[in-house]
Amino acid sequence: MNTVIRTENLSKRYGVVYSVQRVNLAVGEGEVYGFLGPNGAGKSTTLKMLLGLVKPSEGSVSVFGKDFSRNRLEILSQTGSLIEAPSYYGHLTGLENMRVMQRLRDVPDKHVEKALQIVRLEKQKNKKVDQYSLGMKQRLGIAMALLHFPKLVILDEPTNGLDPAGIGEIRELIQSLPHEYGMTVLLSSHLLSEIEQVATSIGIIHGGKLLFQGSMEQLQRNSQPHVWMKTQDNEKARRVLQEMELSPSLQDGFLVMEGMGDREVAQTNRALIMAGIDVYRIEEHKKSLESIFLSLTGKEGSL
Amino acid sequence: MLLRCLGAEWVKLRRSRIWLVLLVLPVFSALIGFANYWMNQAILQNGWYSLWTQVSLFYGEFFLPILIAICCSFVCRLEHVNRNWNVILAAPVSTPTIFFAKVVVVGVLLFAVQLFFLVLYICAGFIAGLHAHFSFPPEVFGWIMRGWLASLTIIAFQLWLSTRIQSFAVPVGISVCAVFVGLGLYVSGLGMFFPLSILTIGMGVLSQESLSLGELGTFAVMCVLFVTTGCALGIRHLTRAGL
Ligand SMILES: Nc1ncnc2c1ncn2[C@@H]1O[C@H](COP(=O)(O)OP(=O)(O)OP(=O)(O)O)[C@@H](O)[C@H]1O
Ligand SMILES: [Mg+2]
């Protein structure tokens, strides 16, 4: 698989603080890459550096196998983007906004029609964008990003402000972009749930650092399952386990332990029975992706 | 590439309200100037020339610089709101072209304004009945053209300010201050070294003496110099900024 985006030690420093630090992204062709991180993690800053909207303090960006700084216009002509809040000219209609982009990018009329149709804005295209709802503006932003049917689409939190039906619709649209139009999609979000259904790969950024990059399965595999035990007397059992240098926590009438292999489970079971405590249940729970994400980034976020 | 940018600018401006300002300010300054002339006819004996001193005083010294500042603030505010720079600067056009397109657009608008002002001046002259007694001064066309050339220098600098400063009003305020600096420099004989006093000289506002060949040369060189400097500053800002 060809790599469409590759960054090397990409960093951005504002004052003395690094907003993005030594990030090595690798986005493969035809992927939907989910770029995940809590508020202030550095997602937008990274995406802006990919587009040349922010100059990296250190590191380099290459897109389509070419160095960005030396091939800026060529790369941009094959890239569509929606960064932060949707951009638009409020005094113009949706269609006129598309015309502005059409002039800038020199694309045929039929692309304008098609892009508006993809995001289902044909009916509202003659309304002033100032009178659009947030969701409609978001759709217009996506239409602008798709206008020239680029090889690479970069979308920064594209489902911001959409209702559940809209989110589902945009999710389907994003999912269809690779096979329908041969596009590669880089998609940022602060919600794992929004990305896990569409992304083929994910990158998790937190405090400016890329904590994980790979497939969902890899992320799942990276985290060890928990073992949940229910006994006749949890308090007593807990003391027994603590003597074995385990540190179980009590949750919903279960003792919960991390980092347990087959052998450790058998040992604890034997020890409890020897201590005269009946063991009712031993269960293995995989962590949900959401809790893996939260344990990587910290529940309180970074702000 | 420039044509593509100009096309985009045109779509943005066509439906905007800037046209109203472009019409109103010249009419306003011509009216004030004309009224002034009308009431002081007794001392203003020099026909078309006297009328020019009155209308061009308000226009060239005050309303035109303000109008330029407003236009520049306007075309930049279009991009400041909703972070439209994100979209414009991620389009496959070079950053200098984006800036030049704005210079050209405002330049063309102001050329139209200059012609409109010329028409207003001629109308005012006819209403005052000047055509009956005096022949039309040919210098006026030169003043209009040189006024426009000098406007370009102001445009370049105002666009730089307006890309830097997100506010609409602050660059306009700066231009008002610059008007007074310009007057000061003109009075102290340093008029050729500041965009706003170049305008005073070029439009024959305070002195209707023809410029010597040397002065014309200096005028042209300074215009080119200022336009280049203003554009360079503006482009540098756009290329550097993390907008
Ligand atoms: N121009 C700037 N000057 C100083 N600091 C900045 C600037 N732009 C961004 N930052 C800082 O960089 C950090 C990352 O910001 P960024 O916008 O990339 O976050 P994000 O992941 O997109 O967050 P969100 O989910 O809220 O959009 C933040 O702490 C922010 O304060
Ligand atoms: Mg962001």
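Residues numbered from 1 in each chain as written. Chains lettered and ligands numbered in written order. Predicted model: local features only at pLDDT ≥ 70, side-chain atom pairs only at ≥ 80, totals over all residues. Heavy atoms only, no water.

The name an unreviewed UniProt entry assigns to chain B is Multidrug ABC transporter permease, from the organism Brevibacillus porteri.

As recorded in an unreviewed UniProt entry, chain A goes by Bacitracin ABC transporter ATP-binding protein and comes from Brevibacillus porteri. If you open the UniProt record of chain A and go to Sequence similarities (unreviewed entry), you find "Belongs to the ABC transporter superfamily." (UniProt positions renumbered as here; feature names shortened; annotations may be inferred.)

Enquirer: Which residues make up the pairing of strand β11 (residues 209-214) of chain A, and what values do they have?
Expert: Residues and elements named next belong to chain A. Pairing between strand β10 (residues 201-206) and β11: 5 bridges, direction antiparallel. Among the inter-strand pairings, I204 is bridged to a residue of β11, identified as F212. If you look at the hairpin formed by β10 and β11, you'll find 2 residues sitting between the two strands, and G207 has a positive phi there, around 55°. (Pairing = 2+ DSSP bridges. Helix = DSSP H or I, 4+ residues; strand = E, 2+ residues; numbered from the N terminus.)

Enquirer: Run through the site of ligand 1, naming residues and quoting values.
Expert: Residue and element names in this part refer to chain A. Near ligand 1 the following residues occur: Y14, S19, P38, N39, G40, A41, G42, K43, S44, T45 and E157. A distance of 3.2 Å separates an oxygen atom of ligand 1 from a polar backbone atom of A41. The contact in question runs from an oxygen atom of ligand 1 to an N or O atom on the side chain of E157, over 3.0 Å. Its free accessible area being 640 Å², ligand 1 has 58% of it covered by the protein chains. Looking at the shell around ligand 1 element by element, the count peaks at 3 residues for helix α1 (residues 43-51). Here the residues of the shell around ligand 1 sort into 3 nonpolar, 6 polar and 2 charged. (Near = heavy atom within 4 Å. Polar contact = N/O pair within 3.5 Å; in protein donor to acceptor, adjacent residues only side chain to side chain. Areas by Shrake-Rupley, 256 points an atom, 1.4 Å probe, with all protein chains shown as cover. Nonpolar A, V, L, I, M, F, W, Y, C, P; charged D, E, K, R; others polar.)

Enquirer: I'd like to hear about the layout of surface pockets, residue by residue, with values.
Expert: In this model, the largest pocket occupies a volume close to 420 Å³. Along its surface, the largest pocket is lined by 18 residues, and H91 of chain A together with R17, F74, R77 and L78 of chain B are the ones closest to its centre. Among the elements of the structure, α2 (18-39) and α3 (48-80) of chain B are those that each provide at least two residues to the lining of the largest pocket. A total of 3 residues in the lining of the largest pocket trace back to one element, the largest contributor, which is α3 of chain B. (1 Å grid on protein atoms, 1.4 Å probe; cavity = no way out; pocket = protein on both sides within 12 Å on 5 of 7 lines; lining within 4 Å. Points joined across faces, edges and corners; volume = space filled by probe spheres on them.)

Enquirer: Run through empty space enclosed by the protein, naming residues and quoting values.
Expert: Residues and elements named next belong to chain A. Counted according to the given criterion, the structure contains 6 cavities of 30 Å³ or more. A volume near 80 Å³ is recorded for the largest cavity. Surrounding the largest cavity, P158, T159, I167, I170, R171, I174, L187, S188, S189, E194, I195 and V198 form its lining. Elements that contribute at least two residues to the lining of the largest cavity include exactly α6 (164-181), β9 (184-189) and α7 (192-196). By residue number, the principal contributor to the lining of the largest cavity is α6, which donates 4 residues. Residues belonging to the lining of the largest cavity are distributed by class as follows: 7 nonpolar, 3 polar and 2 charged.

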